[in-house]
Structures are given as C-alpha cells and as structure tokens.
Amino acid sequence: MSLTVQNLTRRFGQTEVLRGIDLEVKSGELVALLGPSGSGKTTLLKIIAGLDWPDAGRLVVGGEDWLDKKAQERRTGFVFQHYALFPHMKVRDNIAFGLTVMDRAHRPAPATIAKKVEELLHFLQIPHLADRYPAELSGGQRQRVALGRALAIDPAVLLLDEPFGALDAQVRRDLRRWLREVHDKAGTTTIFVTHDQEEAFELADRVVVMGAGLIEQIGSADQIYDHPASPFVARFLGLTVEIPVTMRAGRAEAAGLDTSALPRRAMADGPATLFLRPADITLLPSPEGAFRVTEIATTGALLRLRMEGPADCQAEAELPRRAAPALSLGQTVTLRPEVGHIFPGSPTPAQPAPAPAPVSLIKESSR
Ligand SMILES: Nc1ncnc2c1ncn2[C@@H]1O[C@H](COP(=O)(O)OP(=O)(O)OP(=O)(O)O)[C@@H](O)[C@H]1O
Ligand SMILES: [Mg+2]
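Residues numbered from 1 in each chain as written. Chains lettered and ligands numbered in written order. Predicted model: local features only at pLDDT ≥ 70, side-chain atom pairs only at ≥ 80, totals over all residues. Heavy atoms only, no water.

(A) Fine view of the site of ligand 1. Close to ligand 1 lie F12, V17, P36, S37, G38, S39, G40, K41, T42, T43 and E162, which account for all nearby residues. Within the backbone of S39, a nitrogen or oxygen atom sits 3.2 Å from an oxygen atom of ligand 1. A distance of 2.5 Å separates an oxygen atom of ligand 1 from a polar side-chain atom of T43. Considering only residue class, the shell around ligand 1 consists of three nonpolar, six polar and two charged. (Near = heavy atom within 4 Å. Polar contact = N/O pair within 3.5 Å; in protein donor to acceptor, adjacent residues only side chain to side chain. Nonpolar A, V, L, I, M, F, W, Y, C, P; charged D, E, K, R; others polar.)

Dropping the structure here:
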C-alpha cells in the first residue's frame, strides 16, 4: 500500500525531534531512511506503527487516515535491531504468533496458520530451523525469523529498524541481498532504517537522508551520491574534507589547490566551500605546495595522510599504498581534487564574537 506522511512533527519536552516530515512511499517500494544517530528515524517508524503519536501532521496509508487507528488495527510488520523472539517458542510458533493472537473474527483456522507458516519458512529459506528455539540460532538466523514473524500477518507496511545492525559485515551483506529478494517477491511496501550508507544504497529503491528531524534529500542512490543537496548530506556521505575557496568565473580557487580537474560551475563569484572525499584527492609533491604533510598512517592497503594548509585548513587524503608517491612528514604538496562538490559560503560560518563592553562603560556602570 502507498504511504503518505505530511508535515509530521513530534516534540519531546523542548526538543523537536521531527520538524515537519513530508514523505511519499509508493506501493511496493523499498525506501531506506538513512541518517545519523538521533536524527529521528526510530521516532518516525514508531509513529507509523502506532507506537507513538505526532504533535501535528498527517499519516495516510492506502487512502486511510492511520492516525485514527490503534496500533493493532494498522497491520504493520516491525523488526527491530535486537528483536527478542519469544525464547520459549520454537521458530514456527514465533512466526505464527501474530496470526494466533488476532481477534476471533480475523484469526485463521489452526490448519491455515500452520500452512502459512510452512510457506513462509520455505519462502525465507529457513525450513530447517522450524523446530529450533531462538537460543539455538545465530544472530542472522534470528533476524530472518523476526522478518518471518513480521510478514506472517501480510502487513500493509513493513518497518525495519536497523534489523542487521548487530551483525557482522559479511552476514549483513548476505542478509541485504536476501532481503531484497524477499521484498521483490513479496512486494510489501517497506521502510528500512539504517545509518549505513552502503546498506541503504545497495538495498533501496530510493534513499531518504534525514538529519536532525528534517529530510535533507530524497533520491536514488546515484542521485544522492553524485549530487548531495546540502553540506550536511555531503559530510554524511564521506565528503569530510572542507576547503574554503573563492569562486571566479565558475572555478574554485585557493592557495595550494589545483582545481583543473573539476568542471566549471554556474556559481556566482565569491566565497564558497569545496567538499571532497579523502580518496578523491591526488597529492602532487612540490616545494611550493601550500599544504604540509603532518601525519601518515597505513591501513594495509591504503595510506592515510593528514595535511595542514593555509589559515589552519586541515585536509585528509587516502590513496592506495602501492600507487602512493614517496611522501614524507613535513613535505609540502599541492592538492588536486579529482571530484568534488561546491556549496556557497564559508566552511564554518564566522560566529560574530560578542563585542566587549567599552571600558569606559564598565567603569561608569560600576560606579
Ligand atoms: N521517549 C522519548 N523521550 C524523550 N526523548 C526521546 C524519546 N524518544 C526519542 N527521543 C529523542 O529523540 C531524538 C531522536 O530519537 P530517535 O530514536 O528517533 O533517533 P534515531 O534516528 O532512531 O537514532 P539511532 O540511529 O541512534 O537509533 C533523540 O534525541 C532522542 O533522545
Ligand atoms: Mg533508532
């Protein structure tokens, strides 16, 4: 079913945790909510599930106003990061749970429930686990069962809150692919929360980047990666090097910077900030270079360098160790960005320092 969120706000005391969220999810779409810790992702999911309520805004699913409905009436499937399965129930009973507790009018007959569970076990590729208890499963297997439990009720919307967050990287990658297959076959409208960019990009039809209670950008993985809409999105996507530049005739200029590889921008002349990924910077050793290497570390395959430039500008570069030019501490270099994004304005807006009270005034008032 399609889902529409309109101007949703939620406040806890003085803190505005959701500050006007607008979101449309198409029927059968898999959307990833990507954002740093505390940006409001779980709060938004809870409101959709009916486990929390907004201060204002609308939530419409399949044409129905869901804010009028209790959690039990909404038919959402929810999987949490550490979703505790019922420890005293076998896998098959855990999956059947949502069906067995339905009110009498909707509850399927026991034989129908058993058949449904059997189908799900096969669909999720876990029939061999059916008679185990949760304690006898790996973390990845538990999350598959948790998804089975969420899917058993044929949810209108499937809500997944960092379901693979506690698992190691390889298992996460396997489960990601498995989930995408399951989603494509089941066709359930799905919202997947993560703070892992790679996970969001690989899994989702569209990615919604959230920051501090607001949606910063919505788009396909490529759109967001290639065209971050704001400095916030740029930083979040790993463009962590920020260099103050001056725009002149569409080119970014700064001491120690060779921007010849960057295309011209249709931007007004004036101060701007160049955002770069450490891996997108080529270092050109040069006696006249305005950046000085202050730190060199190796991760094995990569060399990570820190540099200091004019006006305390810090930069970081990452290059394959084998391809790295012979660099040493204290050496001066010119930075050549291969790809970058430019936003108008200075990197950290200069905070006007509080003007000290004139001495004469202090003397006068203390009299
Ligand atoms: N019941 C509550 N009472 C007070 N503040 C809350 C409550 N629930 C959440 N918050 C606050 O709301 C903000 C958003 O929390 P939320 O759990 O939605 O973030 P999140 O994006 O899911 O973060 P994470 O990635 O860490 O799970 C946080 O600052 C949190 O402290
Ligand atoms: Mg959360």
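So, next bit.
(B) Layout of the sheet that holds strand β9 (residues 206-211). Here we have six strands laid out as an open sheet, ordered β6-β7-β8-β3-β9-β10, and mixed in their pairing. Strands with a single pairing partner mark the edges of an open sheet, and in this sheet they are β6 (76-79) and β10 (214-219). Direction aside, the axes of adjacent strands within the sheet are offset by 20 degrees on average. By the bridge criterion, five bridges tie strand β7 (residues 157-161) to strand β8 (residues 189-194) in an arrangement that is parallel. Within β8, the position partnered with L159 by the bridge is I191. (Pairing = 2+ DSSP bridges. Helix = DSSP H or I, 4+ residues; strand = E, 2+ residues; numbered from the N terminus. Axes fitted to C-alpha atoms, helices over the stretch in contact; angles between N-to-C directions.)

(C) The pattern of salt bridges, seen in detail. Counting across every chain of the model gives 22 salt bridges. One salt bridge connects D184 with R180, and the closest N-O pair in it is separated by 2.8 Å. One end of the pair, D184, and the other, R180, are both in helix α6 (residues 169-186), four residues apart, so they sit about a helical turn from each other. Assessed through its relative accessible area of 47%, D184 is described here as partly exposed. Its salt-bridge partner being E316, residue R306 comes within 3.8 Å of it at the nearest N-O pair. Highlighted residues: R306 in strand β16 (residues 302-308) and E316 in strand β17 (residues 314-320), separated in sequence by ten residues. You can call R306 partly exposed: its relative accessible area is 28%. Taking the relative accessible area as the measure of exposure, E316 reaches 24% and is therefore partly exposed. (Salt bridge = Lys/Arg side-chain N within 4 Å of Asp/Glu carboxyl O. Buried < 20%, exposed > 50% of the residue type's maximum accessible area, 1.4 Å probe, protein only.)

(D) Summary view of the layout of surface pockets. The computed volume of the largest pocket comes to approximately 770 Å³. Together, 21 residues line the largest pocket, and A71, Q72, T76, G98 and I153 are the ones closest to its centre. Breaking the lining of the largest pocket down by element, the ones donating at least two residues are α2 (71-74), β6, α3 (91-100) and α5 (139-151). When its residues are assigned to classes, the lining of the largest pocket shows twelve nonpolar, five polar and four charged. (1 Å grid on protein atoms, 1.4 Å probe; cavity = no way out; pocket = protein on both sides within 12 Å on 5 of 7 lines; lining within 4 Å. Points joined across faces, edges and corners; volume = space filled by probe spheres on them.)

(E) Representation of the domain arrangement of the protein chain in the model. If you check the domain split of the protein chain, you get domain 1 (3-231) and domain 2 (238-344). Distance from the C-alpha centre of domain 1 to the C-alpha centre of domain 2: 40 Å. Listed by partner, the interface residues are seven residues for domain 1 and five residues for domain 2. Between the two partners, domain 1 and domain 2, sit zero salt bridges. Inspection of the region where domain 1 meets domain 2 yields two residue pairs in polar contact (both at pLDDT 80 or more). A breakdown of the residues in the side of domain 1 that touches domain 2 according to their chemical character gives four nonpolar, two polar and one charged. (Domains from an automatic or database assignment. Contact = heavy atoms within 4.5 Å.)

(F) Here's a closer look at the sheet that holds strand β2 (residues 15-25). One open sheet holds the four strands; their spatial order is β2-β1-β4-β5, and the pairing between them is antiparallel. At either end of the open sheet lies a strand with only one pairing partner, and these are β2 and β5 (64-65). Judged from the five bridges that link them, strand β1 (residues 3-12) and strand β4 (residues 56-61) form a sheet pairing that is antiparallel. If you follow T9 over to β4, its bridge partner there is A56. Here helix α1 (residues 41-49) sits on the sheet and contacts β1, β2 and β4; the angle it forms with β1, its principal contact strand, is near 115 degrees.

(G) Region of the structure containing the environment of S230. Summarising the element assignment, S230 is placed in the loop between α8 (221-226) and α9 (231-236). Taking C-alpha positions, S230 is 25 Å from K26, a pair spaced 204 residues apart along the chain. The residues contacting S230, other than those within four sequence positions of it, are E216 and F343. Side chain to side chain, S230 and E216 meet in a polar contact 2.9 Å long.

(H) Highlighting the pairing of strand β13 (residues 270-276). Counting buried positions along β13 yields six of seven residues, so the element is predominantly enclosed. Pairing analysis gives seven bridges linking strand β11 (residues 241-248) to β13, with the strands arranged antiparallel. Along β13, the bridge assignment pairs P244 with T273. Relative to strand β19 (residues 341-344), β13 runs antiparallel, the two sharing four bridges. Across the sheet, F275 pairs through a bridge with H341, a residue of β19.

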